[in-house]
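# Observations on the model geometry
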Amino acid sequence: MGPTLADWVSAPRPQAEPGVWRFEYEPRKGEETDTATDRSLLIGVVISFLACVLLWSLLANNYIPYADVPLKLFTPRDWWEFGGRAVDHRGVAALQAYELVLTGALVFWFSRLGSWGLAFERLVVARGPGARVAGAAAVAMFVAMSIATKTLPADALAFSHLPYAEMGSLARLSAALLYVVLYGPVVYLFLRLAGWWRAPRGRSALPTAAAAAAAAPAAQHPAADDPARWPELRGVGLGEVADRLEGEAGGGRMNDVDYTRIRRAWDSVRVDPSRMRAFADSVRDKGAGACVHPSGARDLPVRAARHDLLARQVLLGTVEDGVRNPYARRGTSLALDPDVLGTSLLAVGPSGTGKTRQLVRPVVESLALQALAGQAAVVAVGAAGAPLGPDTAYDVVVRIGDPASVYDLDLYGGATDPDEAATLLAEAFVGDVPGTDVRRAATALAQLLGPFRAAHGRFPAVPELRELLDGLPAALDALRRELDGQPAMLRELDARTRQHGAHGDPGAALADRVALLDRPAFAGFFDTTGQGRPFSLRALEHPIRVRVDLPERGHADASRMLARLLLAQFNAAAAARADRSLFAFLALDDASHTLTAQTVRGVQRLRSAHAGVLLTLRTLDDVPEELRTPLLGAVGCRMAFSGVTTWDGKRFAEAWGTEWVETRDVTHRTVFADQPLTRAIHAFRKLVTGKAVTTDAVTVRQVERERWSASDLAHAVPPGHAVLSLTSVRGERAAPLLVRLAGSA
């Protein structure tokens, strides 16, 4: 069960590097230390333990002279005889306490020297809860047996110096208390090592009576600056509105989308105070349902990922706790938000690696929630049947080629200027055709779209456009008759007629591409007569949720062409928005063969338009070779899934660059002895070990190496993982991180 709304709102969200899940985030403390192998740790523990036992034995048996001098300097002289022995029980007790202190000091020092704590974590705790409890029991039993067998003088110190005969009935109680004092630390040691004692530092594990008494008034009178109590509204005299919202949250009638949506509405009121009265009336009447999304939805029907709408983040996975990642980021949760998605993201990985399920779906879902909160507009484009969420999670679902589709697609992207519409169509139709000049193709289209719009007040439908591009005399003659009295448009049409069929004329290529859409499966789509419900990307100024299903199975070429068209229209519409307060986002589930030089340049300009795109590819080979490097440079976030080829890995390695690392080169040199005894010892050692006696020469140097090599990306990324680098719109960068994606084992 998740936190309550009040707890969720009040949770700390500190500023952090790009990609850090900020909800209750705590930076990792300390610095990375040199790692040691399990074998070296075990050897260090054994040697330090034996050295500790040896030194303790020498001290306990008085083989080290003058070891008790510090004790005698700080105790009365009449406690000791001339030879140094204790006069009475006072000196004996002092010696026993002194021996315990020395034993504790030795254990502490040798445990730090031999890294006993790290060894326990690596060699015992890492093997599971059962091994940890068994290890803790073994340590506690060893200490208890050392006390019970009087190897340590704790038992004698506790029970040998009290006058039990004179204490009467208190003797039994005193003995019981001494047993608690004596063996209580052993029990505490067991609980700590077993992981069953979790009292935080500086705070009692159980609340005291004073703390409970102090907490009760706080619960009855919450802090005035608690964001769940809407202090901003109370500060401007809208206490009644704030009470209504607080009551909705307390009664469980408000969710995270409601809170975020109403807070954004209040932010707009602060910008334009004239809206305050309408805002207050809406909250009084509808409570948590105030300022609702035009669709009336207040949440998605299902969520496939974890979201934090206050930070506008979606949880993507966990950064692996390994040497390949920076120490400060190891084990932290990784999330995406508009701050990094605004630089656009390119993800490459073969089929079945989870690009749709573990990346596209969570990102689209996050932005759909933000659209319900009035913060974003999202368009998801994928093949029909792709798992991008149910239909009820979207405001508009365009199923191209499906007769049951409620919505159509505006082929011209809502443009009214023939030149603009021609540019977008030319980019989609022939942008991927080698040797075809896109500008000449745009001119040829404009020479037909302009006259047709002047004659009919609309752009041509697909069959009409195909007839004009094919140069059919009947179609051209009919258009000329409609243009009687418009000499400028007649000149445009005559120019197109003269160029038709000439060398280098793009008309034939354009006609072939339009023919892909002039199929029976698309009959009734791309209507321009106003009879359908066409969707246009000009709607990005509204918090809209759109999904476009492309007929990838039966019409692969047409689907790729439409994907190119949607990408070109998105670039143009996002940049042309008058109101850029909403974050506009386009997710292309499969961007294979959809990128052109112009769209790559358009993607690079999106970050200044408060927009971004998500492009997924099976391989970079699906992009023209001359565009692969510009594409990696145009996006700020790059993601390589497990299973990429070394050729793709090489491109990512070049994009991520190099870093300075410290390397250690070990040289083994054979030792040649001169003395007969030494030669005999070396010969015996070689006979036992099978290896010659050598010395190691270690050279430490700084070298420049790739952050991730092509071979590492191809072979060292486990299944369910990906390597991801991030860049925010402010220019902050996160080095490539090996991430275990959410939902992966």
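About the cut-offs
- Residues numbered from 1 in each chain as written.
- Predicted model: local features only at pLDDT ≥ 70, side-chain atom pairs only at ≥ 80, totals over all residues.
- Heavy atoms only, no water.
- Helix = DSSP H or I, 4+ residues; strand = E, 2+ residues; numbered from the N terminus.
- Rg over C-alpha atoms; globule rule 2.2 N^0.38 Å.
- Contact = heavy atoms within 4.5 Å.
- Areas by Shrake-Rupley, 256 points an atom, 1.4 Å probe, with all protein chains shown as cover.
- Buried < 20%, exposed > 50% of the residue type's maximum accessible area, 1.4 Å probe, protein only.
- Pairing = 2+ DSSP bridges.
- Arc of directions from axis to C-beta.

A count of helices and strands for the protein chain gives 28 helices and 16 strands. The globule rule puts the C-alpha radius of gyration for 745 residues at 27 Å, and the 38 Å found for the protein chain is more than 25% above it. Each principal axis of the C-alpha atoms in the protein chain carries an extent, and together these give about 135 × 85 × 35 Å. A separation threshold of at least 6 residues defines the contact pool for the protein chain, and within that pool the share at least 24 residues apart is 73%. By element, 56% of the accessible surface of the protein chain is carried by carbon and sulfur atoms, the whole surface being about 38800 Å².

Across the seven residues of strand 15 (residues 721–727), seven count as buried, placing the element largely inside the fold. Here strand 15 shows two buried faces, one formed by His721, Val723, Ser725 and Thr727 and the other by Ala722, Leu724 and Leu726. Where strand 12 (residues 637–641) meets strand 15, four bridges bridge the pair, whose relative direction is antiparallel. The partner of Arg638 across the bridge, within strand 15, is Ser725. Relative to strand 16 (residues 733–741), strand 15 is paired through six bridges, and the arrangement is antiparallel. When the bridges of strand 16 are listed, Val723 appears paired with Leu738. Adjacent in sequence and paired antiparallel, strand 15 and strand 16 are bridged by five residues, among which Gly731 carries a positive phi angle near 95°.

Looking now at helix 14 (residues 276–286). Within helix 14 the residues assigned to the buried category are Phe279, Ala280, Ser282 and Val283. Here the buried residues of helix 14 occupy an arc of 160° about the axis, which is enough to place them on one side. Away from the buried face of helix 14 by more than 90 degrees, exposed residues Arg277, Ala278 and Asp285 are located. In this fold, the buried residues of helix 14 make contact with helix 11 (231–235), helix 12 (239–250) and helix 13 (256–271).

Along the chain, the position of Phe452 falls in helix 18 (residues 438–456). Of the residues examined, Phe452 reaches a relative accessible area of 6% and is grouped as buried. Remark: the alpha-carbon pair of Phe452 and Ala573, spanning 121 residues in sequence, is separated by 23 Å. Apart from the residues lying within four places of it in its own chain, the contact partners of Phe452 are Gly457, Arg458, Phe459, Pro460, Glu464, Leu468 and Leu479.

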